[in-house]
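# Understanding the architecture of this molecule
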Amino acid sequence: MVYNFKFDQQNVRKHHYFLLLSLIQKHKKISRSQLSKFTGISNTTVGKITKSLMKDDLIIEKGQTEGEIGRKASLLEINPKGAFIIGISIDINSIKIALVTLNGEIVDKTQVACKVKHHPRETLDQLITLTKQFIENKPKKILAIGISMPGLISWPDGLAVRVPQFNWHEVEVRDYLKDKLNFDIFVDNDVRSVLLAEYLFGNLNNMHNSTCIYIGSGVGSSVMINGQIVRGHNNMLGEIGHTTMNPNGALCDCGRLGCLQTYICISEIEKQTQRSMDEVILAYKNNEDWAVRVIDRAKNYLGIAISNIICTYNPEAVLLAGPLIERFPEITKNLEADTKKHIWSPLKESFLLLKASLGEDSDIIGASALVLNNFLKNTANNEKR
Ligand SMILES: [Zn+2]
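Residues numbered from 1 in each chain as written. Predicted model: local features only at pLDDT ≥ 70, side-chain atom pairs only at ≥ 80, totals over all residues. Heavy atoms only, no water.

### A look at the coordination of the zinc ion
Protein-derived ligands of the zinc ion are His242 (ND1), Cys252 (SG), Cys254 (SG) and Cys259 (SG), with the metal-ligand distances lying across 2.1 to 2.3 Å. If you list the donors of the zinc ion from N- to C-terminus, the spacing comes out as H-x9-C-x1-C-x4-C. Separated by ten residues along the polypeptide, His242 in the loop between β14 (228-230) and α7 (261-264) and Cys252 in the loop between β14 and α7 bring together distant segments of the chain. Using a relative accessible area of 29% as the deciding quantity, one classes His242 as partly exposed. (Donors = N, O, S within 2.8 Å, 3.2 Å for Na, K, Ca; no water. Helix = DSSP H or I, 4+ residues; strand = E, 2+ residues; numbered from the N terminus. Buried < 20%, exposed > 50% of the residue type's maximum accessible area, 1.4 Å probe, protein only.)

### Let's talk about the nonpolar core
The biggest cluster of nonpolar side chains holds 47 residues, and the ones touching the most others in it are Leu21, Ile24, Leu35, Leu53 and Leu372. Of all elements in the fold, only α1 (2-27), α3 (43-55), β3 (74-78), α6 (190-201), β12 (210-215), β15 (317-321) and α13 (362-375) reach the threshold of two or more residues within this core. If one sorts the elements of this core by residue count, α6 sits on top with eight residues. Counting 36 residues, the second-largest nonpolar core is a separate cluster that includes Ile266, Ala291, Phe328 and Leu347. (Core = buried A, V, L, I, M, F, W, Y, C linked by side-chain atoms within 4.5 Å.)

### Examining the packing of aromatic side chains
On inspection of all chains with the given rule, the structure shows four aromatic pairs. Pairing Tyr263 with Tyr301 gives two aromatic rings, centres 3.8 Å apart and planes at 10 degrees, and the pair type is stacked. Here the residue Tyr263 occupies a position in helix α7, and Tyr301 occupies one in helix α10 (residues 289-313), the gap between them amounting to 38 residues. The exposure classification of Tyr263 matches that of Tyr301, with both residues buried. The ring of Trp155 has Arg231 lying over it, and the distance from NZ or CZ to the ring centre is 4.1 Å. Across from the ring centre of Phe351, 6.0 Å away, lies the NZ or CZ of Lys340, which sits over that ring. (Phe/Tyr/Trp six-rings, centres within 6.5 Å; stacked < 30°, edge-to-face > 60°. Lys NZ or Arg CZ within 6 Å of the ring centre and 35° of its normal.)

### Observations concerning the domain arrangement of the protein chain
Note on interface size: it is often stated as the accessible area lost on association of the parts. Domain annotation of the protein chain identifies domain 1 (14-79), domain 2 (84-195 + 363-375) and domain 3 (205-356). In this assembly, twelve residues from domain 2 lie in contact with 19 residues from domain 3. Looking at the side of domain 2 facing domain 3, the largest losses of area belong to Val191, Arg192 and Leu195, adding up to 52% of the total buried there. Our count for the domain 2 to domain 3 interface comes out at one salt bridge. The shortest N-O distance in the salt bridge between Asp188 and Arg231 comes to 2.7 Å. There are five residue pairs in polar contact (both at pLDDT 80 or more) connecting domain 2 and domain 3. Elements that contribute at least two residues to the side of domain 2 that touches domain 3 include exactly β8 (152-153), β11 (185-189) and α6. Ranked by residue count, the leading element in the side of domain 2 that touches domain 3 is α6, at five residues. A per-class count over the side of domain 2 that touches domain 3 returns six nonpolar, three polar and three charged. (Domains from an automatic or database assignment. Contact = heavy atoms within 4.5 Å. Buried area = accessible area lost by both parts, 1.4 Å probe. Salt bridge = Lys/Arg side-chain N within 4 Å of Asp/Glu carboxyl O. Polar contact = N/O pair within 3.5 Å; in protein donor to acceptor, adjacent residues only side chain to side chain. Nonpolar A, V, L, I, M, F, W, Y, C, P; charged D, E, K, R; others polar.)

### Things to note about the side chain of Asn373
Along the chain, the position of Asn373 falls in helix α13. A residue is classified by how much of its surface remains accessible, and Asn373, at 17% relative accessible area, is buried. Residues within four places of Asn373 in sequence aside, it is in contact with Leu196 and Leu200.

### Let's talk about the environment of Leu181
Secondary-structure assignment places Leu181 in helix α5 (residues 173-181). Residues Leu181 and Val191, spaced ten residues apart in sequence, show a C-alpha to C-alpha distance of 25 Å.

### Observations concerning the packing of helix α9 (residues 277-285) against α10
Between α9 and α10, the shortest axis-to-axis distance is 8 Å and the interhelical angle comes to 105 degrees. Overall, the two elements α9 and α10 adopt an arrangement that is roughly perpendicular. Residues Met277, Val280, Ile281, Ala283 and Tyr284 of α9 form the contact with α10, whose participating residues are Trp290, Ala291, Val292, Ile295, Asp296 and Lys299. Here the residues of the contact of α9 with α10 sort into nine nonpolar, no polar and two charged. (Axes fitted to C-alpha atoms, helices over the stretch in contact; angles between N-to-C directions. Parallel < 35°, antiparallel > 145°, perpendicular 65-115°, else oblique.)

### Re the side chain of Gln25
Along the chain, Gln25 turns up in helix α1. Taking the relative accessible area as the measure of exposure, Gln25 reaches 5% and is therefore buried.

### Here's the deal with α10
With 25 residues, α10 should cover 36 Å at 1.5 Å per step; its first-to-last C-alpha distance of 36 Å lies within 8% of that length. Phi turns positive, to about 50 degrees, at Asn314, one or two residues after α10. (Expected span 1.5 Å × (residues − 1).)

### As for the sheet that holds β12
Sheet architecture is open: five strands sit in the order β14-β13-β12-β15-β16, paired in mixed fashion. In the strand order of this sheet, the two ends are held by β14 and β16 (352-355), each with one partner. Geometrically, the sheet is characterised by an average inter-axis angle of 25 degrees between neighbouring strands, direction not taken into account. Where strand β13 (residues 219-225) and β14 come together, three bridges link them in antiparallel fashion. Bridging from a neighbouring strand, Met224 pairs with Ile229 of β14. In this fold α10 packs onto β12, β13, β15 and β16, with an angle of close to 155 degrees to the strand it touches most, β12. (Pairing = 2+ DSSP bridges.)

### Describing helix α4 (residues 120-135)
A rise of 1.5 Å per residue sets the reference length of α4, with its 16 residues, at 22 Å; its end C-alpha atoms lie 22 Å apart and thus fit the reference within 8%. All of the buried residues along α4 are Pro120, Thr123, Leu124, Leu127, Ile128, Leu130, Thr131, Phe134 and Ile135. Where α4 is buried, its residues contact β4 (84-90), β5 (94-101), β6 (106-113), β7 (142-149), β10 (168-172) and α5. At the exit of α4 stands Asn137, carrying a positive phi of roughly 65 degrees.

Right under this line is the structure:
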């Protein structure tokens, strides 16, 4: 009984510790009395917990509240260099590794061109060697390693169930790396990690209900509800690339006809036109008939996909991300107006259409966001509103 009591007390304390850390992260600057007000935790307890957070170097005092009647209070913020996360992205042609602060800033990074091998062990062994080299002489306080990669990844066990781009099936990414690197490892797919990164550090700040559509060699989406990524039964929620848009449409690489991605992903557009995406876009800019038809059709189907997502999830924002969006801004020109043509009128003004703001490093920042989000998990709904 005594043991249980102690255990519970420790758990409550740990929970409060991460809750306050999460609120400081979320509000950027916040006073102790605001923390107490938002959480219902007494001033004394908030004082004790913030003291241990400071002792652990996770937060610092910086500046004071202004304009309030009475005594000014010190403001607390995250100590960006108090602890670090290793963010890793694995893509078909490269591995990126970064040292990331708790504020999502990249302190150091390395990128190695390497063709992902069909034999996963070789790629993972190379990743282990690169990570060990990278971590050498780095600050000691590394919380964990986050990994962002394409494909169907199970959560939280980090099994790469299927990665068509790499030709991988049932690869135990997390367990293999955890064993060899001796860190906690969090693995998820790139669509989710981009959404998390933008939520924690980018354009979706404080938008607790949002979705992301990611378009590259395939099409995927991710969904956040009340500040938490929703995953579905098998962590496959959001696989919109294979929703049927036209049962008589073109053959998709999944073996079915008329999937969404046959209209809007780069590899399909290249396959259907027999040109590179750069050539298609150039022809589109030159008003060549065939290219205008292909791109206008892509925009139309993207608009329909956005409309379906809005009807299904009622998000505050839809984030557009991925290589197609980043490299070819023509795709998003007038997209909001095009999308609204498809949207049911009560929902027309309900959402923002945004682009990812973290640029080409969003994958490694996203990988670190997986760790941070887990570090701060179960705290998002505890704030008193
Ligand atoms: Zn398909």
